[in-house]
Amino acid sequence: MSSTQSLSGAQHEPGYCVFYEECGRNPLLENTLIPPIVPCLNYTHAQPVTGEHYKKLKAVCPMFDQGENNTYACCTIRQLRSLEASLSLSQAVLVRCPACAYNFAHLHCINTCSPNQSQTVKVTKVMNVTELNVTREAVVGYQAFISNTFADASFNSCKNVRIPATIGGYAISTMCGRYGAKLCTPQRWYDFQGDSSNGLAPLDIDFRLIEEGDATGVPEGVIPYNGHALMCNETTPTGGQVCSCQDCQESCPSVPPPPPVAPPFTLLSIDGYLVISIILLFLLILSFLLAAQDFLSSLFQIWGTIMATYPLTVLLLSAIAVAIFSAGLKNIELTTDPVELWSAPNSRARQEKDFHDTYFDPFYRTNQLILTAPGRKGQIYDSLLFGPQNFSGIMSKDLIIELLELQNRIQFWSDDLNRIASLKDVCFAPLNPNNPSLTDCAVNSLPQYFQNSLDNINAKVNMTELGVTKEVDWRDHLIYCLGSPLSFKDITDLGMSCMADYGAPVFPFLAVGGYEDDAFISAEALILTYSLNNYARSDPRFKVAMQWEKEFLKIVQDYQKDPSTNFTFAYMAERSLEDEINRTTAEDIPIFMISYAVIFIYIAVALGEYSSWKRILVDSKFLVGLGGILVVACSVLASMGFYSWIGIPSSLVILQVVPFLVLAVGADNIFIFVLEYQRDVRRPGETRQQQIGRVLGCVAPSMLLCSLSESVCFFLGALSTMPAVKSFALYAALAVLMDFVLQMTAFVALLSLDARRQDNNRCELLCCVKVSTQRPKKPNEGFLMPFMKKYYAPVLLHRYTRIIVMLVFIFMLCGSLFLMMNVKVGLDQELAMPQDSYMLTYFQYLYKYFEVGVPVYFVTKKGFNFNSVEGMNAVCSSVGCDQFSLTQKIQYATDYPELSYVAIPANSWVDDFIDWLNPESKCCRLYTSGSSIGQFCPANQTGFGCLKKCLTKPEDGIIRPTVKEFNRFLPDFLTNRPDLQCPKGGLGAYDKAVVRDESGEIIASRFMAYHTPLTNSQEFTAALQKARELAYNITLSMRKVPGTSPDFEVFPYTITNVFYEQYLTIVNEGLFNISICLLPTFVVCCLLLGLDVRSGLLNLLTIIMIVVDTVGVMTLWGIDYNAVALINLVTAVGISVEFVSHMTRSFALSTKPTRVTRAAEATAKMGSAVFAGVAMTNLPGILVLALAKAQLIQIFFFRLNLVITLLGMAHGLIFLPVLLSYFEFLPNLNISSVTAVSDHILQTDKKTLTQQTMRKDRLKK
């Protein structure tokens, strides 16, 4: 039988022990992580230590070494071996800092082996323990008296020691029980070490920390131990070096803080851009207040006459040409992958992504639930161990069980696997990737703190603490695990592990969200994350993963609709973005169809010339309008077919934008041509075909001017590096060119047929029906032209109106210049979703509840010698490492998260590999017997077969393997599964972070840190830029290491980089693209207007003003500048050409005597056609787009196109006529010269005219 006694009268004298030798296992403890061997009660003299006993003491407790013949201790060699085994568990995580490891061993050596043990220890509890049939009194509890000075210094030397594999976690978080690293104090640290319920302490130790000079509560004769505790920046007596900066603040060099963010540009303490805009405004106002055509016409006249003469032949040949081009559509390839759309294959981000995905597995597929319970009230739980704790409403047992049931639901039949598939078939299983079971899958959630076991959640037990007995349950376990997620055993009598069932820790920020100051149990949200392998699309398992995600979404959506559901939640799957974009695209197709239908109806009605109700079916232009639409459609199809032939992929942006663009250009040209024909009077003796040719000769140069300018503009825009912009520019350029060619051929032929029908008074659609009412002899000017001639132009060009117009538009330009400097650059991913998408709710929850950002990997390329001492020191952050090593610089960056956007420092396989090799831990051992002699022996192998350490301890204590040792043991480290005996094993954390070639050289490796929470594209872009700056700085330092290749590089990789890299250069890219579009517009205008530079400059100025004002309005209307906006701005240049160039040419050709009258004539004649053809063609279709569900369509197609159209109309029909009225033009060509050319042709080519007349007579018959 065993008995328990309370001791009170033990003597405390120098040179005496209170316990000695080992008695056996502590009978009070069960289910411990290590054998709880306790010492025997034995008040005796300290014993001399010699021989092997002395060597072991010197190795384990060197602070007692007084020489072999003069050293005494209160411990046997067996006790030293047990102490060594116990210390090795802590050494594995503390050995990075030799001073900390020394102090930690110092404390426990004082309690166990001090020759003056009786002066610092008071036994409080003993029991009879029987071992090998011998019963002895064993010590199962004692008090240890330590001075606060020693305790504080020891604690301070250890409190900043990190565990690299935990991505910035502190070693002390695993050694402070319920409090974790943040709330740990010296007393709490020692209390945990002396708590036998933690599974590590073999008996209860009550550490009493005593202030110097305070004898309260100290037994007589007891002297609180006050030895010298090393500071972390001190070397150890055994030769250990000072701790590194990452583990010891005192070791850090003086690092100047990063330069502050550049202040805004100011002048006179005012926004600098505003000042410049105001100065420019006054300068322009002051300046304002102070201040080859004949050949083309003849050529187009001949061409038009021929096309009108053989309409059916022309239509047939045009159809054949379009069919040949369009046949390529059978090979069309539609790009939907956002990476392929917005990131150029040769861009830096794409090259970095390709490198990462080639050498490492692609970033795993994330499927996530963020759950809240807003209606639930919280509760105060009075914990036996932790005191009153405020549990939020969602932290309730029934909700945790409901979450557990939800996460186990998903399984389905897979045709690809020909069996029922579940999570294990596609999951990311870091510790068992080859043949995973369901429990190997990396599922991060709160139930993982209970190993996804319902029994563990329901477990409860009575526990006594400080004389108080209460029930402890899931809440106590959860409180402990949220503070110490790396623990293999909690401190309650439940004795459960905190590690997930797949063998890794679940950090609190991955399981809960919406908390403050690490108050995890007050969190407002639970987070459930499934990680799936990201297979290549050609891999059959990719389809299984996609099917799993589809089933996941279905189950979650059904669960959300269930009225009994207790959660309010948001969710997403890896496939969600693509699914939602495709869904909204399909749903918005009818909107685009309606938009095109509205435009068609408008064109068909507006082109008609209505003189009386009786002739309405004769004078309507339904078929001509339909023909114009078909010409646009055919040009788009031909462009798409041609590029499909040659293998340039299309995209949804092209399908949505290019038809609008070509329709704007084409409709304008159609209106100008048709209205000019309707307003023209056939001359005596002139045939219909000749009239059409003559009219075409008048307007075709203007049509050529616009189409050629736009086409060249877009072809040059294809120089863009963005794939989406490049392909759009190519498709648009060819479509505009094809549209012009088809207008010059098929549409001229179609108009000729329609004119013949109209001349014969035949009804449209009912060609056999004639009307008796004859066509009026007077040309039809319609409603708009007389209105502009009589009212609009005189008012606009009034003396005072012109001044007001110039001032208003100058003010608009200057204001827009200021606003342009403040436009936001980026595209938030929420905008890609339709307004009713579940992803919008997910993004709201993500930004609200997530407390950490996306992972960022610092990736190293080939060319660096990791296996050299200099190479290891340039990377690691433990003792002996360079103060400005790779990981140390990342650590410095985390000191300024608001500037660096790095929140959590990087893990480091180099650091953990060095710690793993340290002979003071049990991680790296070799078999000394059996068939595997000399090979690696895992730490979980017990017995006497693995007595040799991989390395011997060097004199200076700095562990660095030789090149041979490095190459030999690295594979063992990477395949060693971490466990309690060796938490430094690299499997799971690093096995895929190091890539070696056949010769063993490391050709790629990565170090993972975490960004701060990033909530918009501006923050993502800034984080990318800062990470690149940091990586470049690291690269320069590492290239200085001997043996490093000059092209060695470190780069940051985040999965989002490919999307946000464009915003680093998009401003310059946009300026380049728009400038390259403006250049041909100016050149072509000058050439086609007879080298009229002044006209070209006015054209250019007005188009620039339209673009600048558009960007200004974008700022006011909350439209961000991005690649989609850039495409629209490039389109704006093209549409602006339509608004501007026709007016400029009409003004240049006018024969009126003054600038004002010429501007009035151009406004009435060409302005009416531009208004009807461009503005009124675009506006109805654009307004319909307001009904689209997709936010991208609403913002970048409805809003932005509306702005472009309205500003283009305002500048083309208001500002440009006024501007032209103030500038004198050199005479170029006028209508009389065109007429002279026409008369010359008619008089000199009598034979041609005779043949045409005879052909006309035959056609009438």
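Per-chain numbering applies: the sequence of each chain, read as written, is numbered from 1 onward. Reporting of local features is limited, given that this is a predicted model, to residues whose pLDDT is at least 70; pairs of side-chain atoms are given and counted only at 80 or more, and all residues count toward the totals for whole chains, interfaces and linings. As a rule here, side-chain values come from all non-hydrogen atoms in the structure, and water together with hydrogens is ignored.

Enquirer: When you look at the overall build of the protein in this model, what are you seeing that I'm missing?
Expert: Under the DSSP-based scheme used, a helix requires at least four consecutive residues in state H or I and a strand at least two consecutive residues in state E, with every element numbered from the N terminus. Regarding its fold elements, the protein presents 38 helices and 33 strands. A radius of gyration in this sense is built from C-alpha atoms; the matching globule rule multiplies 2.2 Å by the number of residues raised to 0.38. In terms of overall dimensions, the protein is more spread out than a globule: its C-alpha atoms have a radius of gyration of 42 Å, far above the 33 Å expected for 1261 residues. Viewed in the frame of its principal axes, the protein has a C-alpha envelope of about 140 × 65 × 60 Å. Remark: exposure states derive from per-residue accessible area (1.4 Å probe, protein chains only) relative to the maximum for the residue type, with buried under 20%, exposed over 50%, and partly exposed in between. Burial statistics for the protein: of 1261 residues in total, 58% are counted as buried. On the protein, roughly 51800 Å² of surface is accessible, and the fraction owed to carbon and sulfur atoms is 59%. All accessibility values rest on the Shrake-Rupley procedure with a 1.4 Å probe; residue burial counts only the protein chains present in the view.

Enquirer: Explanation requested: the packing of helix H3 (residues 98-113) against helix H4 (residues 148-158) in the structure shown.
Expert: Each pair of packed helices can be summarised by the angle the axes make with each other and by the distance between the axes. Interaxial angle, 0 to 180 degrees, is taken between N-to-C directions of lines fitted to C-alpha atoms, where a helix line uses only the stretch in contact. Relative to each other, H3 and H4 sit at 140 degrees, their axes nearing to 8 Å. As for the relative orientation of H3 and H4, their crossing is left-handed in sense. Listed contacts from H4 to Ala99, Cys100, Asn103, His106 and Leu107 of H3 are Phe150, Ala153, Ser154, Ser157 and Cys158. Of the residues that constitute the contact of H3 with H4, the class distribution is 6 nonpolar, 4 polar and no charged. Note on convention: the crossing is left-handed when the near helix lies turned anticlockwise from the far helix by less than a right angle, right-handed when the turn is clockwise. By the convention used here, residues are in contact when the closest approach between their heavy atoms is within 4.5 Å. Asp, Glu, Lys and Arg are counted as charged, while Ala, Val, Leu, Ile, Met, Phe, Trp, Tyr, Cys and Pro are counted as nonpolar; the rest, among them Gly, fall into the polar class.

Enquirer: Would you mind showing me how to read the state of the cysteines here?
Expert: What makes a disulfide is a covalent bond joining the sulfur atoms belonging to two cysteines. Here, the term disulfide refers to a pair of cysteine sulfur atoms separated by no more than 2.5 Å. As enumerated under the stated definition, the model contains 15 disulfides in all. A disulfide bridge connects Cys75 with Cys113, and the sulfur atoms are separated by 2.0 Å. In this structure the cystine formed by Cys75 and Cys113 twists about its S-S bond by roughly 110 degrees; its chirality is therefore right-handed. One end of the pair, Cys75, is in the loop between strand S5 (72-73) and helix H2 (77-94); the other, Cys113, is in helix H3, and 38 residues separate them in sequence. Residue classification places Cys75 among the buried residues on the basis of a relative accessible area of 0%.

Enquirer: Help me out: how do you make sense of the environment of Ile370 in this one?
Expert: By the secondary structure assignment, Ile370 is in strand S14 (residues 365-372). On the basis of relative accessibility, which here comes to 0%, the residue Ile370 falls in the buried class. Considered as a pair, Ile370 and Leu1207 are 837 residues apart in the sequence and their alpha carbons are 45 Å apart. Apart from the residues lying within four places of it in its own chain, the contact partners of Ile370 are Ala525, Leu526, Thr568, Phe569, Ala570, Tyr842, Tyr845, Leu846, Tyr849 and Phe850.

Enquirer: So what exactly am I meant to see when it comes to the pairing of strand S26 (residues 855-860) here?
Expert: Two faces belong to every sheet, and in a regular strand the side chains alternate between them. Across the 6 residues that make up S26, a large majority, 6, are buried. Along S26, one buried face is formed by Pro855, Tyr857 and Val859 and the opposite face, lined by Val856, Phe858 and Thr860, is buried too. Pairing between strands is defined by DSSP: at least two bridges between them are needed. By the bridge criterion, 6 bridges tie S26 to strand S32 (residues 1002-1011) in an arrangement that is antiparallel. Across the sheet, residue Val859 finds its bridge partner in S32, namely Arg1006.

Enquirer: Just to check I follow, could you spell out the sheet that holds strand S28 (residues 925-926) for this structure?
Expert: The strands making up a sheet associate through backbone hydrogen bonding, with each pair oriented either parallel or antiparallel. The 3 strands are arranged S29-S28-S30 in an open sheet whose pairing can be described as antiparallel. Single-partner strands in this sheet number two, and they are strand S29 (936-937) and strand S30 (948-949). As defined by bridge partners, S28 adjoins S30 across 2 bridges and the pair is classed as antiparallel. Across the sheet, residue Leu926 finds its bridge partner in S30, namely Lys948.

Enquirer: Would you mind going over the packing of aromatic side chains with me for this structure?
Expert: Geometrically, a pair of aromatic rings is defined through the distance of the ring centres and the angle of the planes. Each Phe, Tyr or Trp ring, with Trp reduced to its six-membered ring, pairs with another whose centre is within 6.5 Å; inter-plane angles below 30 degrees give stacked pairs, above 60 give edge-to-face pairs, and intermediate values give tilted ones. For the coordinates displayed, the defined rule picks out 47 aromatic pairs. Here Phe391 and Trp474 contribute two aromatic rings whose centre-to-centre distance is 5.9 Å and whose plane-to-plane angle is 85 degrees, an arrangement assigned as edge-to-face. Placement of the pair is Phe391 in strand S16 (residues 387-391) and Trp474 in helix H13 (residues 474-483), with a sequence separation of 83 residues. Ring pairs connect the aromatic residues Phe864, Phe866, Trp909, Phe913, Trp916, Phe936, Phe966, Phe973, Tyr990, Phe1007 and Phe1048, which therefore count as one cluster. Whether a charge lies above a ring is judged from NZ of Lys or CZ of Arg, which has to be within 6 Å of the ring centre and within 35 degrees of the ring normal. Here the guanidinium or amino end of Arg802 rests over the ring plane of Tyr1222, the centre of that ring lying 4.6 Å away. The cationic tip of Arg1158 hangs over the ring face of Phe1147; the distance from NZ or CZ to the ring centre is 4.6 Å.

Enquirer: I tried to follow unusual backbone geometry on my own but got confused; where do I start?
Expert: Note on backbone geometry: most residues besides glycine have negative phi, and most peptide bonds are trans. Non-glycine residue Glu21 carries a positive phi angle of around 70 degrees. Among the structural elements, Glu21 can be located in strand S2 (residues 16-25). Overall, the relative accessible area of 23% leaves Glu21 in the partly exposed class. Phi angles above zero are rare outside glycine, and Leu132 is one such case at about 55 degrees. Assignment of secondary structure puts Leu132 in the loop between strand S6 (121-131) and strand S7 (134-147). On the basis of relative accessible area, Leu132 is assigned to the exposed category, the value being 76%.

Enquirer: How do you make sense of the confidence of the model for the protein when you look at a structure like this?
Expert: Close inspection of predicted coordinates is inappropriate for parts of the model with low pLDDT. By definition, pLDDT measures how confident the predictor is in each residue, and it falls between 0 and 100. With 91% of its residues at a pLDDT of at least 70, the protein reaches an overall mean of 84. Averaged pLDDT values over the elements of the protein bottom out at 39 in strand S1 (residues 4-5) and peak at 96 in strand S33 (residues 1050-1053). Taken together, the stretch residues 1-9 has pLDDT below 50 and engages in 20 contacts with residues farther than four places along the chain or on a different chain. This model gives residues 1225-1261 a pLDDT under 50, and the stretch forms 47 contacts once residues within four places in sequence are excluded.

Enquirer: Would you take a moment to explain a negative patch on the surface for this structure?
Expert: Each patch is assembled from residues with relative accessible area greater than 30% and no salt bridge, linking like charges that lie within 9 Å and nonpolar side chains (Val, Leu, Ile, Met, Phe, Trp, Tyr) that lie within 5 Å. The rule for a salt bridge is simple: a side-chain nitrogen of Lys or Arg has to be within 4 Å of a carboxyl oxygen of Asp or Glu. By the counting rule applied here, Lys and Arg register as positive and Asp and Glu as negative, while His and the ends of each chain are not counted. To locate a charge, take NZ of a lysine, CZ of an arginine, CG of an aspartate or CD of a glutamate. Together, Asp152, Glu211, Glu212 and Asp214 give the surface a local cluster of negative charge. With respect to the helices, strands and loops of the structure, Glu211 is situated in the loop between strand S10 (204-210) and strand S11 (266-267).

Enquirer: Whenever I open this one, the side chain of Thr309 confuses me. Can you help?
Expert: One can find Thr309 in helix H7 (residues 293-309). Polar side-chain contacts of Thr309 include one of 2.5 Å to the backbone oxygen of Thr305. Counted as a polar contact is a pair of N or O atoms within 3.5 Å, where, for protein atoms, one must be capable of donating a hydrogen and the other of accepting one, and residues adjacent in sequence contribute only when both atoms are in side chains.

Enquirer: Teacher, can you tell me more about the environment of Thr120 here?
Expert: Structurally, Thr120 can be placed in the loop between H3 and S6. Residue classification places Thr120 among the buried residues on the basis of a relative accessible area of 5%. Measuring from C-alpha to C-alpha, the distance between Thr120 and Cys17 comes to 9.9 Å, with 103 residues separating the pair along the chain. Among residues more than four places away in sequence, those in contact with Thr120 are Ile110, Gln143, Ala144, Phe145, Ile223 and Tyr225.

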